[in-house]
Amino acid sequence: MSQARHSITRSIAAHGVLILWTVIALFPVFVTVVNSFKSRKAIFAEPLALPGPESFDLVGYATVLKQGDFFQYFLNSMTVTVGSLFFVLLFGAMAAFALSEYRFRGNGLMGLYLALGIMIPIRLGTVAILQMMVASGLVNTLTALVLVYTAQGLPLAVFILSEFMRNVSADLKNAGRIDGLSEYTIFFRLVLPLVRPAMATVAVFTLIPIWNDLWFPLILAPSEATKTITLGSQVFIGQFVTNWNAVLAALSLAIVPVLILYLIFSRQLIRGITAGAVK
Amino acid sequence: MGALTLSQVTKSFGSTDVIKGVDLRVEDGEFCVFVGPSGCGKSTLLRMIAGLEDVTSGDVAIDGARINDLAPAKREIAMVFQSYALYPHLTVRDNMGLALKQAGVPKAEIQAATDKAAAMLSLAPLMERRPAELSGGQRQRVAIGRAIVRRPKLFLFDEPLSNLDAALRVQTRIEIARLHRDLGATMIYVTHDQVEAMTLAHKIVVLRAGKVEQVGRPMDLYNDPDNTFVAGFIGSPQMNFLKAGALGLRSDTLGIRPEHLEI
Ligand SMILES: Nc1ncnc2c1ncn2[C@@H]1O[C@H](COP(=O)(O)OP(=O)(O)OP(=O)(O)O)[C@@H](O)[C@H]1O
Ligand SMILES: [Mg+2]
C-alpha cells in the first residue's frame, strides 16, 4: 500500500519534470507559430496572446508566398537534406560494416580517423571547401551542399553504427555465409534491418543540422535557384527593417517538413534510445 | 562421401597461436566429437573446417580434395550454431530453404526438401512462423532442419544443445543420434557435456591448448588414456590422482576412477 503511494508520488514528480521540460522546449515553437498568424501590431502588443478575431492576419504567409520562389526553396532544402541523409546512411553503414566485420591491418586506426571528424568542425575548412568547389565548378549547385553535408554527417554515423554492428550476432552472419549469401546480401538483408533503430537515430541527428544550416548555403549556393529555405527566409531580415510577419510565417512553414521526417523516424528512434533498457 | 582430413593445420590470430598443428582423419559417416577445456580452440577448429576462418598453414581436405580456399557455401557442409542463428526476417520454411534458393534449386524441389526435413523434426505445424514466435527448443530444431535440407557431406555442430534445458537436451540429443543413423552423414560435434560426448561419439578428439591430446573411441579413452590430462578430462566425477610412490609403486602417478572404488 505504502509502496503504491510512494510510486504514485514518484511518478507525479517525474511527470512534472517532464511536462516542465516539454513546455520550456516547445515555448519558442509555440510563440513562433502563434505569432505567425497575427498582424504586425498584435505581435508587438501582445506577443503571447493567441490570435483573436481582430489580431488574426495571414499577411505573413501572403508575403512569404509572394516573395521569391518559396516553393523552390522548399524543394531545394528537401533535395539537399534527403540526398545528404541517403548518402550519410548508405556510406556510413557500409564503412561501419567494414570496420566491425573484417580484420585488416590498420582497422583500429581507420576507425579512429573516421571518427575524428566528430571533434573537428567542418566549418574550419570553409575556405578550402569553397576553393575546391570553385575549381570543380560546383558553386551554386545543390551537389556542392550534398557533398559537404555528407562529409559532415559521416563521422558520427560511422561511429554509432559500427558500435551497433559489432553487437549483431556473428553466428547469424556466418550462417548466411554458409548458406551462400554474398557479403552484400548479408549487409543489406541481415545486418541493416537489425540496426534499424540505430540508423533512425543517426538519421535524426544528421537531418536537423542540415535542414537548419545557414552557413554553407550562404557561401556555396546563394543563387536564387539553389537557395534553401533557411537562406530564403533571410530576405525578410534586413539591416534596418525586419518583416516579422514574414519571418515567423517562413519559420513556421519550415518546421513542417522536418516534423514529417522526424515522425517517420521517431518510432525507430525511441526503440534505439531504449534499446539497452528493454530486454 | 564426406571423409575429412586435416594435415598439420595451424591458426594464429596476430601473434597468438590458437591451433598448433592438428592432424586428424574423420571417416565417412563417422560421428566425431571434439572435447576440451574452454578456450582450447574447439570452435576455432570447427570454423576453419567450415571456411569461416582462414587456415594459417596446413591443409583441410574433404574426400581427398583440398578445400582451403573454397568459400563456405561451396564446401557442401552445414553448421548448427549454439545461438541458433536463424534469420529473423524469414519464416521457418524460408530459413530452411534459403541455401537451396541461393544455389538456384527449383521451387518445387525446395518445397519437397523442406517438407521432408520438417517431417523428420516434427516442425510441420510451425513452417509459416517466424523465429521470434518459436521456443528455444523449436528454434534449435529449425536450425538443425536448415542443416539437413542442404544434404551436406559434413555436419558441423558447435555446442548445439547448451542453451536448452536438461529434459529438452536429452530429447534433442536422441534426435541428433537418430538423424545421424538415418542420414549416414559425417558429423563433427563440439560439446562440453561428457554424457553427450560418450553417448554420441564413434570417435572423441581431446584437445588442449590447440593440440590434439588423444583420439579414440569413447571407451578406449576412458579405459586407456594416453596421459593424465585425458584421464582427468574424460569421466565424471573426475579421476583421483595419487603419488604412486605412496603405494610403493615405481611409476609417477596413479589414477583411480571414483566409480571403481568400493567401500
Ligand atoms: N578473433 C579472435 N582473435 C583473437 N583470438 C581469438 C579469436 N577467436 C578466438 N580467439 C582465441 O582462440 C582461443 C580458442 O577459442 P575458441 O573459441 O576456439 O575456444 P573453444 O575451445 O571453442 O572454447 P569454449 O569451449 O569456451 O567455446 C581462445 O583463447 C580465444 O581467446
Ligand atoms: Mg566454443
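Remember, it's a predicted structure, so these values are computed and weren't measured experimentally. Along each chain, the written sequence defines residue order, and numbers are assigned to residues from 1. Labels follow written order: the first chain is A, the first ligand is 1, and so on. Under the rules for a predicted model, residues below a pLDDT of 70 receive no local features and side-chain atom pairs below 80 are neither given nor counted, while totals for whole chains, interfaces and linings still include all residues. Each side-chain value is worked out from all heavy atoms of the structure, with water and hydrogens disregarded.

Draft legend 1. Representation of the overall build of chain B. In terms of helices and strands, chain B carries 8 helices and 12 strands. Over its C-alpha atoms chain B spans a radius of gyration of 20 Å, differing by no more than 12% from the 18 Å that the globule rule assigns to 263 residues. Principal-axis analysis of the C-alpha atoms gives chain B an extent of 75 × 45 × 30 Å. The Shrake-Rupley method, run with a 1.4 Å probe sphere, supplies the accessible areas, and residue values consider only the shown protein chains as cover. Element-wise, carbon and sulfur atoms account for 51% of the exposed surface of chain B, whose accessible area totals about 12,500 Å². In this count, Lys and Arg are taken as positive residues and Asp and Glu as negative ones, while His and the chain termini are left out. We put the charge of a Lys on NZ, of an Arg on CZ, of an Asp on CG and of a Glu on CD. In chain B, 31 positive and 30 negative side-chain charges are present, and the distance between their average locations comes to 4 Å. Numbering of helices and strands starts at the N terminus; helices are DSSP runs of H or I of at least 4 residues and strands are runs of E of at least 2. It is over C-alpha atoms that the radius of gyration is taken, and the globule rule equals 2.2 Å times the number of residues to the power 0.38.

Draft legend 2. Region of the structure containing the interface of chain B and chain A. Residue-level contacts link 23 residues of chain B with 15 residues of chain A. Summed over both partners, buried area is the accessible surface (1.4 Å probe) that two parts give up on being assembled. Interface of chain B and chain A: buried area, both sides summed, is about 1,500 Å²; carbon and sulfur atoms make up 61% of it. Contacts described as polar in this section are N or O atom pairs within 3.5 Å, which, within protein, must combine one atom able to donate a hydrogen with one able to accept it, while residues neighboring in sequence count only if both atoms come from side chains. Counting across the interface, chain B meets chain A through 6 residue pairs in polar contact (both at pLDDT 80 or more). Of all elements in the fold, only α1 (42-50), β6 (77-80) and α2 (92-102) of chain B reach the threshold of two or more residues within the side of chain B that touches chain A. Classification convention: Asp, Glu, Lys, Arg as charged; Ala, Val, Leu, Ile, Met, Phe, Trp, Tyr, Cys, Pro as nonpolar; all other residues, Gly among them, as polar. A class-by-class count of the residues in the side of chain B that touches chain A yields 15 nonpolar, 4 polar and 4 charged. Between two residues, a contact is recorded if the distance between any of their heavy atoms is within 4.5 Å.

Draft legend 3. Molecular detail of the packing of aromatic side chains. Between the rings of Phe, Tyr and Trp (Trp by its six-membered ring), a pair exists once the centres lie within 6.5 Å; its type follows the angle of the planes, with under 30 degrees stacked, over 60 edge-to-face, and the other angles tilted. Scanning the entire structure with this criterion turns up 14 aromatic pairs over all chains. Measuring from centroid to centroid gives 5.7 Å for F97(A) and Y102(A), while their planes differ by 85°, and the two rings are edge-to-face. Categorising residues by exposure relies on relative accessible area from a 1.4 Å probe, with only protein chains included: less than 20% of the type maximum marks a residue as buried, more than 50% marks it as exposed, and the intermediate range marks it as partly exposed. By relative accessible area, F97(A) is classed as buried at 6%. Judged by its relative accessible area of 31%, Y102(A) is partly exposed. One aromatic cluster is present, formed by F97(A), Y102(A), F187(A) and F188(A) through successive ring pairs. Only when the NZ of Lys or the CZ of Arg is both within 6 Å of the ring centre and within 35 degrees of the ring normal is a charge said to sit over the ring. Against the face of Y87(B) rests R146(B), its NZ or CZ located 4.9 Å from the ring centre.

Draft legend 4. The arrangement of the sheet that holds strand β2 (residues 16-26) of chain B in detail. Residues and elements named next belong to chain B. What the 4 strands build is an open sheet, ordered β2-β1-β4-β5; its pairing is antiparallel. Each end of this open sheet is capped by a strand with a single partner; those strands are β2 and β5 (65-66). Here, any two strands with at least 2 DSSP bridges between them count as paired. Inspection of the sheet shows strand β4 (residues 57-62) paired to β5 by 2 bridges, in the antiparallel sense. Within β5, the position partnered with I62 by the bridge is A65. Orientation is described by axes fitted as lines to C-alpha atoms, over the contacting stretch for helices, and by angles from 0 to 180 degrees between their N-to-C directions. Each of β1 (4-13) and β2 is contacted by α1, which is oriented at about 115° to β1, the strand it contacts most.

Draft legend 5. Here's a closer look at the domain arrangement of chain B. All names here are of chain B. What marks off one domain from the next here is an automatic or database domain assignment. By domain assignment, chain B separates into domain 1 (26-57 + 68-229) and domain 2 (230-263). One C-alpha centre belongs to domain 1, the other to domain 2; they are set 34 Å apart. Taken together, the 14 residues of domain 1 in the interface contact 11 residues of domain 2. Of the roughly 1,100 Å² buried between domain 1 and domain 2 on both sides combined, carbon and sulfur atoms contribute 66%. Ranking the residues of domain 1 by area buried against domain 2 places Q194, Y222 and T228 at the top, with a combined share of 52%. A pair is scored as a salt bridge if a Lys or Arg side-chain nitrogen falls within 4 Å of a carboxyl oxygen belonging to Asp or Glu. Joining domain 1 to domain 2, the criterion identifies 0 salt bridges. There are 11 residue pairs in polar contact (both at pLDDT 80 or more) connecting domain 1 and domain 2. Contributions of two or more residues to the side of domain 1 that touches domain 2 are made by α6 (194-200), β10 (211-216), α7 (218-223) and α8 (228-233). Residues belonging to the side of domain 1 that touches domain 2 are distributed by class as follows: 8 nonpolar, 5 polar and 1 charged.

Draft legend 6. Region of the structure containing the pattern of salt bridges. One pass over the structure, following the stated rule, counts 23 salt bridges over all chains. D182(B) is the partner of R178(B) in a salt bridge, and the nearest nitrogen-oxygen pair spans 3.7 Å. Highlighted residues: R178(B) and D182(B), both in helix α5 (residues 166-183), separated by 4 residues, approximately one helical turn. Accessibility expressed as a relative area gives 30% for R178(B), which makes it partly exposed. Overall, D182(B) belongs to the partly exposed group, its relative accessible area being 46%. Connected through salt bridges with shared partners, the residues E101(A), K173(A), R177(A) and E183(A) form a single ionic network.

Draft legend 7. Quick look at a nonpolar patch on the surface. Residues and elements named next belong to chain A. A contiguous nonpolar surface patch, about 920 Å² in accessible area, is contributed by L112, L116, I118, M119, I120, L124, L156, F159 and F205. Secondary structure elements with two or more residues in the nonpolar patch: α5 (107-116) and α7 (142-166). Here L124 falls in the exposed class, since its relative accessible area comes to 69%. The patches reported here contain residues having more than 30% relative accessible area and no salt bridge. Joining distances are 9 Å for like charges and 5 Å for nonpolar side chains (Val, Leu, Ile, Met, Phe, Trp, Tyr).

Draft legend 8. Region of the structure containing the nonpolar core. We call a set of buried residues a nonpolar core when its members are Ala, Val, Leu, Ile, Met, Phe, Trp, Tyr or Cys and they connect through side-chain atoms within 4.5 Å of each other. By size, the foremost hydrophobic cluster in this structure holds 78 residues, and its most contacted members are M165(A), L4(B), L6(B), F34(B), L156(B) and I188(B). The leading source of residues in this core is helix α4 (residues 70-101) of chain A, at 9 residues. If sequence neighbours within four positions are ignored, F34(B) has contacts with L24(B), K42(B), L45(B), L46(B), I49(B), I188(B), Y189(B), V190(B), T191(B), V205(B) and L207(B). Among the nonpolar cores identified, the runner-up in size contains 43 residues, and F31(B), Y84(B), I110(B) and Y222(B) belong to it.

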